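# Structure assessment
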Amino acid sequence: AQSVSQHNHHVILSEAASLELGCNYSYGGTVNLFWYVQYPGQHLQLLLKYFSGDPLVKGIKGFEAEFIKSKFSFNLRKPSVQWSDTAEYFCAVSPPPGGYQKVTFGIGTKLQVIP
Amino acid sequence: GAVVSQHPSRVICKSGTSVKIECRSLDFQATTMFWYRQFPKQSLMLMATSNEGSKATYEQGVEKDKFLINHASLTLSTLTVTSAHPEDSSFYICSAFGTSGGFQETQYFGPGTRLLVL
């Protein structure tokens, strides 16, 4: 069975600081990887995804994530955070070929950005 | 962007009663819908995958007779928690995946339904 671990449950940053949220997964084969974001009072929405190809994936709002197969990691990064990035971030994994089938989520990381 | 709604957003019921939760894709056709459950301080857990016009596929450990799923149309899936008990109290979230034109192929999540069984 696949699993996802997110190392930081609560992160507090000042505006303009750089962000890196850790995500490691355990699964024996090829995987699809996702980061979802949930802004306060809103639905979960997709931030970025990796299915294949370039392991450096760029998403919306200046976020990117790098798939490092040897480390089973898919860390999320942003060079300079804004107050509006305050949200909860979920890493997720699914086995191919389903793409969005059988997605397993991490527990989430709450990011608080201080103006 | 695509929108998914859930109704009700919050429900309180007595133990032993059944509760129906609706999930609707408002502006696209969803061939597949997913039902998740989230307990406090835990991650979303996939309960079942629902395909329009066919039986739902349940994840291991999820009782199909207790959590009845019906995906009768391309815009509506329902989850019925039958004979609910306090341990069924949780946050239930649906998501919809559609392939109609104009929208990116991805999961769109509903806002969730908080169920409290007394």
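Preceding this paragraph is the structure being described.
All of these numbers come straight from a predicted model, not from anything done at the bench. (Residues numbered from 1 in each chain as written. Chains lettered and ligands numbered in written order. Predicted model: local features only at pLDDT ≥ 70, side-chain atom pairs only at ≥ 80, totals over all residues. Heavy atoms only, no water.)

## A closer look at the state of the cysteines
Residues and elements named next belong to chain B. Evaluation of the coordinates by the stated rule reveals 2 disulfides over all chains. What pairs with C23 in a disulfide is C94, and their sulfur atoms sit 1.9 Å apart. Between C23 and C94, the disulfide has an S-S torsion of 80° and is therefore right-handed. Of the two residues, C23 sits in strand 3 (residues 19-25) while C94 sits in strand 9 (residues 90-98), which places them 71 residues apart along the sequence. In this structure C94 comes out as buried when scored by relative accessible area, which is 0%. Note on C13: no disulfide assigned, nearest cysteine sulfur contributed by C94 at a separation of 18 Å. (Disulfide = S-S within 2.5 Å. Helix = DSSP H or I, 4+ residues; strand = E, 2+ residues; numbered from the N terminus. Buried < 20%, exposed > 50% of the residue type's maximum accessible area, 1.4 Å probe, protein only.)

## Notes on the interface of chain A and chain B
The partner chain B presents 20 residues to the 13 residues of chain A that form the contact. For the pair chain A and chain B, the summed buried surface comes to about 1,400 Å²; carbon and sulfur atoms form 57% of the total. Seen at the junction of chain A and chain B, the total is 1 salt bridge. The partner of K102 of chain A in a salt bridge is E59 of chain B, with the nearest N and O atoms 2.7 Å apart. If one sorts the elements of the side of chain A that touches chain B by residue count, strand 6 (residues 44-50) of chain A sits on top with 3 residues. Taken together, the residues of the side of chain A that touches chain B sort by class into 8 nonpolar, 3 polar and 2 charged. (Contact = heavy atoms within 4.5 Å. Buried area = accessible area lost by both parts, 1.4 Å probe. Salt bridge = Lys/Arg side-chain N within 4 Å of Asp/Glu carboxyl O. Nonpolar A, V, L, I, M, F, W, Y, C, P; charged D, E, K, R; others polar.)

## Focus on the side chain of Q107 of chain B
Among the structural elements, Q107 of chain B can be located in strand 10 (residues 107-109). Side chain to side chain, Q107 of chain B and Y36 of chain B meet in a polar contact 3.3 Å long. Here S95 of chain B takes part through its side chain, which lies 2.3 Å from a polar atom of the side chain of Q107 of chain B. When residues no more than four places from it in sequence are discounted, the contact partners of Q107 of chain B are Y36, Y100 and V103 of chain A together with F34, Y36, S95, A96 and F97 of chain B. (Polar contact = N/O pair within 3.5 Å; in protein donor to acceptor, adjacent residues only side chain to side chain.)

## A short note on a nonpolar patch on the surface
Together, I12, L116 and L118 of chain B line one region of the surface with nonpolar side chains, adding up to about 310 Å² of accessible area. Along the chain, the position of I12 of chain B falls in strand 2 (residues 10-13). (Patch = residues over 30% accessible without salt bridge, like charges linked within 9 Å, V, L, I, M, F, W, Y side chains within 5 Å. Areas by Shrake-Rupley, 256 points an atom, 1.4 Å probe, with all protein chains shown as cover.)

## Points about the pattern of salt bridges
Any two side chains of opposite charge can pair, given that their charged atoms come close. Going through the model one piece at a time under the given rule, you end up with 7 salt bridges over all chains. A salt bridge links K58 of chain A to E64 of chain A; the nearest nitrogen and oxygen atoms lie 2.8 Å apart. A relative accessible area of 19% places E64 of chain A in the buried class. We note a salt bridge from D88 of chain B to K66 of chain B, for which the minimum N-O separation is 2.9 Å. Taken together, the residues D88 of chain B in the loop between strand 8 (76-81) and strand 9 and K66 of chain B in the loop between strand 6 (57-58) and strand 7 (67-73) connect sequence positions 22 residues apart. A relative accessible area of 5% places D88 of chain B in the buried class. Judged by relative accessible area, K66 of chain B falls into the buried class, the value being 12%. A network of salt bridges, in which partner residues are shared, links K58, E64, E66 and R77 of chain A.

## Quick notes on the nonpolar core
Among the nonpolar cores identified, the biggest contains 28 residues, and L33, W35, L47, L48, F74, L76 and Y89 of chain A are the most heavily contacted of them. With 4 residues, the top contributor of residues to this core is strand 10 (residues 87-94) of chain A. In this structure, M33, V81, C94 and L115 of chain B belong to the second largest nonpolar core, which totals 25 residues. (Core = buried A, V, L, I, M, F, W, Y, C linked by side-chain atoms within 4.5 Å.)

## Structural notes on the sheet that holds strand 1 (residues 4-7) of chain B
Residue and element names in this part refer to chain B. The 4 strands are arranged 1-3-8-7 in an open sheet whose pairing can be described as antiparallel. The strands lining the two open edges of the sheet, one partner per strand, are strand 1 and strand 7. The mean angle between the axes of side-by-side strands here comes to 15°, regardless of whether they run parallel or antiparallel. Sheet analysis places strand 3 next to strand 8, joined by 6 bridges and oriented antiparallel. The partner of E22 across the bridge, within strand 8, is T78. (Pairing = 2+ DSSP bridges. Axes fitted to C-alpha atoms, helices over the stretch in contact; angles between N-to-C directions.)

## Observations concerning unusual backbone geometry
Note the cis peptide between H7 of chain B and P8 of chain B, where omega equals 0°. Positionally, P8 of chain B belongs in the loop between strand 1 and strand 2. Of note, the phi angle at A16 of chain A is positive, near 80°, even though the residue is not glycine. Taking relative accessible area as the criterion, A16 of chain A reaches 54% and is therefore assigned exposed. Phi is positive for S83 of chain B, which is not a glycine, with a value near 45°. Position of S83 of chain B among the secondary structure elements: in the loop between strand 8 and strand 9. The class for S83 of chain B is partly exposed, based on a relative accessible area of 33%.

Purely geometric stuff here, so don't read any function into it on its own.
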